[in-house]
Amino acid sequence: MSRAAPSPVVENLVLFVRVLRRSGLAVSVGQSVDFMRAMKWIDLGERDQVFHAARATLVSRCEDLDLFSHLFDLFWRVPGKIAGARRRPASLALRHGPRSSRNLSLTSFSTARAGSHEPQVELSDRSGAYSDLEVLQHKDFGAMTEEELHEVRRLIAQTRWRVSQRRTRRMVCRQRGERLDLRGVLRRASRRGGTAIELAWRSRKVKQRPVVLLADISGSMERYSRLVLQLFYSLSHSLRDVESFVFGTRLTRVTPHLRLRNADRALTEASREVLDWSGGTRIGESLHAFNRVWSRRILRRGAVVLIVSDGWDRGNSELLKRAMRFLRDRCHRLVWLNPLLGSRRYEPIVAGMAAALPFVDDFLPVHNLRSLEGLASHLASLPERARGFVSAPRGTRRSNLRTSERKSTMAALGSTNPRELNR
Amino acid sequence: MSESTRVFSSIETTFEVLKRHQYLADVGLSTSLHLALRMEKPLFLEGEPGVGKTEVAKVLSRALDTPLIRLQCYEGLDLSQAVYEWNYTRQLLAIQAHKGGGEADTVDIFTEEFLLRRPLLQAIDRSRDRAAVLLIDELDRADEEFESFLLELLSDFQITVPELGTLEAEHRPIVIITSNRTREIHDALKRRCIYHWIDYPSFDKEVEIVRRKVPGLSEHLSGQIVAFIQAIRQQDLYKLPGIAETLDWAQALVHLDKETLDAATVEVTLGFFLKYQDDIDTVRGPLVEELLERASG
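Worth saying up front: this structure is predicted, and the values here are computed from it rather than measured.

What counts and how
- Residues numbered from 1 in each chain as written.
- Chains lettered and ligands numbered in written order.
- Predicted model: local features only at pLDDT ≥ 70, side-chain atom pairs only at ≥ 80, totals over all residues.
- Heavy atoms only, no water.
- Helix = DSSP H or I, 4+ residues; strand = E, 2+ residues; numbered from the N terminus.
- Buried < 20%, exposed > 50% of the residue type's maximum accessible area, 1.4 Å probe, protein only.
- Areas by Shrake-Rupley, 256 points an atom, 1.4 Å probe, with all protein chains shown as cover.
- Lys, Arg positive; Asp, Glu negative; His and termini not counted.
- Charge placed at Lys NZ, Arg CZ, Asp CG, Glu CD.
- Contact = heavy atoms within 4.5 Å.
- Buried area = accessible area lost by both parts, 1.4 Å probe.
- Salt bridge = Lys/Arg side-chain N within 4 Å of Asp/Glu carboxyl O.
- Polar contact = N/O pair within 3.5 Å; in protein donor to acceptor, adjacent residues only side chain to side chain.
- 1 Å grid on protein atoms, 1.4 Å probe; cavity = no way out; pocket = protein on both sides within 12 Å on 5 of 7 lines; lining within 4 Å.
- Points joined across faces, edges and corners; volume = space filled by probe spheres on them.
- Nonpolar A, V, L, I, M, F, W, Y, C, P; charged D, E, K, R; others polar.
- Axes fitted to C-alpha atoms, helices over the stretch in contact; angles between N-to-C directions.
- Parallel < 35°, antiparallel > 145°, perpendicular 65-115°, else oblique.
- Left-handed = near helix turned anticlockwise from the far one by under 90°.
- pLDDT = per-residue confidence, 0-100.
- Pairing = 2+ DSSP bridges.

## Thoughts on the overall build of chain B
Summing up its helical and strand segments, chain B has 15 helices and nine strands in all. C-alpha extents for chain B along the principal axes are approximately 85 × 45 × 35 Å. Across the 297 residues of chain B, 55% fall into the buried class. If you sum the accessible surface of chain B, you get close to 12700 Å²; carbon and sulfur atoms cover 48% of it. Here chain B carries 33 positive and 51 negative side-chain charges, and the mean point of each set is 4 Å from the other.

Right, dumping it as structure tokens:
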């Protein structure tokens, strides 16, 4: 490759990289330089070699592989033709078989094109347009007017969430720790002629637990779904390590959309993602899909899982039980938020709810602002689950506690860590 | 020209050399490996468990006749386990021993002689006469903090020990990083590497792998085994069997002196390729029959 005049081959390669970028693949300058360098080592006449070399240097995510292959095929057949096209072809979505979960970014694009609309929150009662915060606090979300909902969204957006922490396995130097930091001891000793006068300590680093959010957006949850997304948005912005999913009849990951800065855009993008707004519910199937595809990647290191659903389920309740057990066994705490729980008469006798309940650690209402506050303080100080293999903080003995007794353990455990009582 | 580029001089030879060492790659992997060696970049291998990611590094070290330095990642992995640690006991002893000596001279306890070299430091050791293969296995298990350290190491292959100064590699190690994808590795790291996703092999390829790795298996049975496993991979399971599981199972069937696959045998050996009780429950019974039929049909 001469420096003076780029050959048509080089020009084409550069063009190809630009096409990839336009189509949404993040190709860094370094990667494209590598790509050019790689061309020296392969036979440019061999399409296969060019393909694999390009893929190895330009793609660094498994979910981009299919898009890449597609673009490669298009580009080396009719160069110049798709260079101007800014959109990914919508027909791509149809090509994904059962493994489409790996290609969410692609599917999402085309489903966005499919143009499913976000549901409007229906206003049935305009008579009680209260703006009084006190009243707002206790009013059911389902009964609110558009203005009130707007106010609620604003309040949710302002909430600073905190989730209880876990002690990681990583050690950091501390003034007062539980283990000797020999390196530190010797360093200090070397300053004092080799006598260890001062000790140095290390202790385990503390980190916020990962959070996984799963929301039911089926027909029966319609009144709440927009708010739930708002809640998820707020959680993903004030915490690190948050993954969000929504489900009706199938599971959709909305994490990347909710990460957008602008709340309105984030919510619009996330809701466009979903194909089955206000359809039926298959909680068991959706949770099973989560377990199968995502749990190994996301449920690590003591995650806190929040499921928002009313438990109306048209699916297989045996599967739901299995999926719930699987989920419970792999997370630090499984919290189920049910908007119907706010009503006094509500009893969790719906088949789905009844099947899921035995595996739930905390069954909480989310129907008004007050309940959200409760949720916030609960998340900030999640108690350890009464289970054999979770390590207890020092000095506390664990026993099998009933739900009613957990509250008191919570206070007792919380007091050992003042950080968690600040709220 | 270095040893690695001489042995793996083209994509075809890469494929052949791997094959000679009992590793059947596809053209994608051969290309990625060839380029990684040529361009002196780390090779980042991702894929489901048991598709032969770690094996690539082992084969590479055998083919190049160079030591394999393996760093198994785990949560909490830190510099003292991955890079270096001071030998405190010896340092303390040195101080003690010195106390009897004269007042004037001092003892330096931060020299190379007190340094314990962990895998990453070993990999850039200057005393080596050729590049080692450095395998950073299951990087997804380590924390993000470790990743950012790695980023620094992989860009210039030097390590700074505050008490000693900067140590730099004479022969850059050949780096293979693997990940099971239990979490996303940061893009910044992946971009510095040649990325390759190892998929499950095709039927023919898997049969060939089984035939090579499990001697004493009839052609008929190996075909049945692979067809069955490939049918299992189409099922809705928590954990799909990898090639490692296929090989384990094939080995087990050889020990059981089986000539052909039948439902009863499959039932009692399900545990060789299914690792979740839920999955075993799903497959056991009528599904076994159905898959067997499909496998022999």
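## Some remarks on the interface of chain B and chain A
Between chain B and chain A, the contact holds 56 residues from the first and 51 residues from the second. With both chains or domains summed, chain B and chain A bury close to 4800 Å², and 49% of this area falls on carbon and sulfur atoms. The three residues of chain B that bury the most area against chain A are E75, R191 and Y238 of chain B, which together make up 16% of that side's buried surface. For the pair chain B and chain A, the interface holds 14 salt bridges. The salt bridge partner of E145 of chain B is K205 of chain A, with a shortest N-O separation of 2.6 Å. Connecting chain B to chain A are 20 residue pairs in polar contact (both at pLDDT 80 or more). Considering every element that reaches the side of chain B that touches chain A, the biggest residue donor is helix α3 (residues 27–38) of chain B, with seven residues.

## A word on empty space enclosed by the protein
By rolling a water-sized probe across the atoms, one finds the places where empty space is left. Residue and element names in this part refer to chain A. One pass over the full model with this rule turns up five cavities of 30 Å³ or more. Taken as a whole, the largest cavity encloses approximately 80 Å³ of empty space. As for the largest cavity, its lining consists of F141, I156, Y224, L227, V228, L231, V308, V366 and L372. Counting residues per element, the lining of the largest cavity draws most heavily on helix α10 (residues 222–238), at four residues. Here the lining of the largest cavity is composed, by residue class, of nine nonpolar, no polar and no charged.

## With respect to the packing of helix α1 (residues 8–22) of chain A against helix α4 (residues 65–75) of chain A
Residues and elements named next belong to chain A. The contact between α1 and α4 brings their axes to 11 Å, and the two run at 140 degrees. Compared by their axis directions, α1 and α4 come out oblique. Remark: the crossing between α1 and α4 carries right-handed chirality. Contact with α1, carried on its side by N12, L15, F16, V19 and L20, involves F68, L71, F72 and F75 of α4 and no other residues of that element. In terms of residue class, the contact of α1 with α4 is made up of eight nonpolar, one polar and no charged.

## Topic: the confidence of the model for chain B
Here chain B averages 89 in pLDDT, and 97% of its residues register 70 or above. Both scores are available for the predicted complex, with the pTM at 0.73 and the ipTM at 0.72.

## Considerations on the pattern of salt bridges
In total, this model carries 40 salt bridges over all chains according to the counting rule given. The closest approach of N and O atoms between K190 of chain B and E46 of chain B, which form a salt bridge, is 3.9 Å. Here the residue K190 of chain B occupies a position in helix α9 (residues 187–191), and E46 of chain B occupies one in strand β1 (residues 43–47), the gap between them amounting to 144 residues. For E46 of chain B, a relative accessible area of 0% translates into the label buried. Overlapping salt bridges, with partners in common, bring together R61 and E63 of chain A together with E46, R181, E184, D187 and K190 of chain B in one network.

## A look at the pairing of strand β4 (residues 211–216) of chain A
Residues and elements named next belong to chain A. Across the six residues of β4, six count as buried, placing the element largely inside the fold. Residues V211, L213 and A215 point to one face of β4 and V212, L214 and D216 to the other, with burial holding for every one of them. Direction of pairing for β4 relative to strand β5 (residues 242–247): parallel, over a ladder of six bridges. Note that in β5 the partner of V212 across the bridge is E243.

## Observations concerning the sheet that holds β4 of chain A
Residue and element names in this part refer to chain A. Read across the sheet, six strands follow the order β6-β5-β4-β7-β8-β9 without closing on themselves; strand pairing throughout is mixed. Each of the sheet's edge strands pairs with one partner strand only, and the pair in question is β6 (251–253) and β9 (362–365). Between one strand axis and the next, the sheet turns through 20 degrees on average, direction left out of account. Here strand β7 (residues 304–308) pairs with strand β8 (residues 333–338) via five bridges, running parallel. Across the sheet, the residue bridging to L306 is V335, located in β8. Where helix α14 (residues 317–329) meets the sheet, its contacts fall on β4, β7 and β8, and the angle it forms with β8 comes to roughly 130 degrees.

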